[in-house]
Amino acid sequence: MNNTSYKFIPCYLFFLITLFSTGQLYAQKNIEKYVRENTVAIPTISPDSTNYADLEAFGNAIGNSRIVMLGEQYHGDAPTFLAKTRLVKYLHEKKGFNVLAFESDFFGLNYEWDRLNKTKPLIDSFINENIFGIWTQCNTCSNLFQQYIPGSFNTGTPLQLTGFDSQLFLNYSVKHVTAKVDSVIRVLQLPISLRPDYLTEILPYIDTLNRTKNAGKDSSLFNKRNLYLTEVKDEMSKKLNPNDFWMMVIDNMIAENLELKYVGRDFWKESNARDKQMAENLKWLSKVKYPNQKIIVWAHSYHISKYNGHYPESFLNNATSMGGIFTTDTAIMNKTYILGFSSYEGTAGRIQSKKYKLPKPPSYSFENWINTAYNFAFVDFKKYNLTWPGANEMFSMSASIKTPGTHTSSQAVWTKVFDGVFYIKEMYACEDTK
């Protein structure tokens, strides 16, 4: 198995801390009242619970959405993964969602998945090697990966997997993406393939994309790769439709190269390169590959968030999240539901990393508006926004993280960042299935 799972470029920062003031607290009264009166208790997050009556409020909230995004505060939140698995099963069985898109390798989870013989042993092996280990090696994801997805292929409505991450360095991509791109270049007889240095320099430079992750002060490697990949894209565009899969693959390689160039040098350029391409990938999946299907998105809460200036911290003005880009199109936004997650207490941490205790939320916060008897709950913000369309009430919620991931409570106009929130009272970390 490829164990790059723990090495991939860190996912996301912060929806962070800001001021409190009497004026802000007064403005928060509407949202506090709404949360207290409209929180729906969810009795269980067990994936084995198939009585979905308690999820009707969530089903009503998403309405006729074609895209439902499920976030997570940190890539190790065990109960969140249980809740998301149950939501996936509900959306698949009761709401007609037949595609599950992961924050994982776009190339492998599209090209090879489509060609895979969908038997359980092959599905198991493929999932373990081509979805990040933060999920595949977490014990609370076992039901989804080892039972539900393979089992769905014995029914009339299989749950198709796909991916939208521009980081193409999981197992299948590392082994095959360069060779497959080379094959397409040759079949199309692109001029670049006729150059005398194609085999000796151009192709080797392209191949280093998924074999050298170093990002030192010398950016010549990245600049050279970008030069060759851009040349391939320009020549390919003269022979292929802009929405062709191979055009998307080259775009992803260009975006990954740009992201790697800025690792450790400029966080926002690094992060935004990835999120912008992920948004394009998700648009391609929804408009081109699966135009008539309903899609579930599994990702970190930062990626799916609708940033759009709803955080108060000035340094976040440079942030460009996938969800913010994806929902810029009003038609898309109206067919998309974005679910964030919040937690109150407990411990957290990724697999094979040090566990830490969650900081206590402020006394005046979303978590303290939830009935203390509720272990799990759902709040629909879309209904709030329809009731008070002009409201921009800033309040505190622990739906955010900051490096290295502390479930930090932050101030934001959270009703504009997410369409709803799934509340988990006690957080705990994954156990490694290995």
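The structure under discussion appears in the preceding block.
Residues numbered from 1 in each chain as written. Predicted model: local features only at pLDDT ≥ 70, side-chain atom pairs only at ≥ 80, totals over all residues. Heavy atoms only, no water.

(A) The arrangement of the overall build of the protein chain in detail. Across its full length, the protein chain holds 18 helices and 11 strands. Taken across its 434 residues, the protein chain has 59% of its residues classed as buried. Intrachain contacts of the protein chain at a sequence separation of at least 6 include 79% that bridge at least 24 residues. Surface accessibility of the protein chain: about 17100 Å² in total, with carbon and sulfur atoms responsible for 52%. (Helix = DSSP H or I, 4+ residues; strand = E, 2+ residues; numbered from the N terminus. Buried < 20%, exposed > 50% of the residue type's maximum accessible area, 1.4 Å probe, protein only. Contact = heavy atoms within 4.5 Å. Areas by Shrake-Rupley, 256 points an atom, 1.4 Å probe, with all protein chains shown as cover.)

(B) Region of the structure containing helix 11 (residues 220–237). Under the 1.5 Å per step criterion, the end-to-end length of helix 11 is 25 Å for 18 residues, consistent within 8% with the ideal 26 Å. Within the sequence span of helix 11, burial applies to F222, R225, Y228, L229, V232, E235 and M236. Summarising the axial view, the buried residues of helix 11 lie within an arc of 165 degrees, below the 170-degree limit, and thus occupy one face. Packing partners of the buried residues in helix 11 comprise helix 9 (171–187), helix 10 (198–207) and helix 12 (245–261). (Expected span 1.5 Å × (residues − 1). Arc of directions from axis to C-beta.)

(C) Layout of the state of the cysteines. Applying the stated rule across the entire model yields one disulfide. The disulfide that involves C138 links it to C430, with 2.0 Å between the sulfurs. Across the S-S bond linking C138 and C430, the dihedral sits near -85 degrees, which makes this disulfide left-handed. Linking C138 in the loop between helix 7 (133–136) and helix 8 (142–152) with C430 in the segment after strand 11 (420–427), this pair joins segments that are 292 residues apart in sequence. For the pair C138 and C430, one class covers both residues: buried. Of all cysteine sulfurs, the one in C138 lies closest to C141, which takes part in no disulfide; the gap is 4.7 Å. (Disulfide = S-S within 2.5 Å.)

(D) Local environment of the pattern of salt bridges. Tallying each qualifying case throughout the model produces 15 salt bridges. In this structure, K33 engages E37 in a salt bridge whose closest nitrogen and oxygen atoms are separated by 3.0 Å. Of this pair, K33 and E37 both sit in helix 2 (residues 29–38), four residues apart, roughly one helical turn. The exposure class assigned to E37 is exposed, which follows from its relative accessible area of 53%. A salt bridge links D251 to K233, with the nearest nitrogen and oxygen atoms 2.9 Å apart. Pair noted here: D251 is in helix 12 and K233 is in helix 11, with a separation of 18 residues, a long-range link. The exposure class assigned to K233 is partly exposed, which follows from its relative accessible area of 28%. Each member of the salt-bridge network shares a partner with another, and the members are E103, D165 and R274. (Salt bridge = Lys/Arg side-chain N within 4 Å of Asp/Glu carboxyl O.)

(E) Quick peek at unusual backbone geometry. For Q189, which is not glycine, the phi torsion reads 55 degrees and is therefore positive. Assignment of secondary structure puts Q189 in the loop between helix 9 and helix 10. The phi dihedral of Q352 falls on the positive side, at around 60 degrees, and the residue is not glycine. Tracing the backbone through its elements, the reader meets Q352 in the loop between strand 6 (336–348) and strand 7 (356–357).

(F) Molecular detail of the side chain of E72. Relative to the helices and strands, E72 is located in the loop between strand 2 (67–70) and helix 4 (78–94). Given the relative accessible area of 0%, E72 is considered buried. In this structure the side chain of E72 is engaged in a polar contact, spanning 2.5 Å, whose partner is the side chain of K84. Beyond its immediate chain neighbours, meaning those up to four positions away, E72 contacts T80, F81, K84, W135, W298, A299, H300, S301 and F341. (Polar contact = N/O pair within 3.5 Å; in protein donor to acceptor, adjacent residues only side chain to side chain.)

(G) Highlighting the packing of helix 9 against helix 10. The interhelical angle for the contact between helix 9 and helix 10, taken along N-to-C directions, is 135 degrees, at an axis separation of 10 Å. With respect to each other, helix 9 and helix 10 are oriented oblique. The crossing of helix 9 and helix 10 is right-handed. Counting all contacts with helix 9, which are made through T178, D182, I185 and R186, the residues of helix 10 involved are Y198, L199, L203, I206 and D207. Across the contact of helix 9 with helix 10, the residue classes break down as five nonpolar, one polar and three charged. (Axes fitted to C-alpha atoms, helices over the stretch in contact; angles between N-to-C directions. Parallel < 35°, antiparallel > 145°, perpendicular 65-115°, else oblique. Left-handed = near helix turned anticlockwise from the far one by under 90°. Nonpolar A, V, L, I, M, F, W, Y, C, P; charged D, E, K, R; others polar.)

(H) Looking closely at the packing of helix 6 (residues 120–130) against helix 8. Close contact between helix 6 and helix 8 brings their axes to 10 Å; oriented N to C, the two are set at 130 degrees. Considering the angle they form, helix 6 stands oblique to helix 8. Considering how the two elements wind past one another, helix 6 and helix 8 form a crossing that is right-handed. Judged by residue contacts, K120, I123, D124 and I127 of helix 6 engage F145, Q146, I149 and P150 from helix 8. A class-by-class count of the residues in the contact of helix 6 with helix 8 yields five nonpolar, one polar and two charged.

(I) Focus on helix 13 (residues 267–289). With 23 residues, helix 13 should cover 33 Å at 1.5 Å per step; its first-to-last C-alpha distance of 31 Å lies within 8% of that length. At the N-terminal end of helix 13, a side-chain oxygen is found 3.3 Å from the backbone nitrogen of W268, two or three residues along, and the residue is D266.

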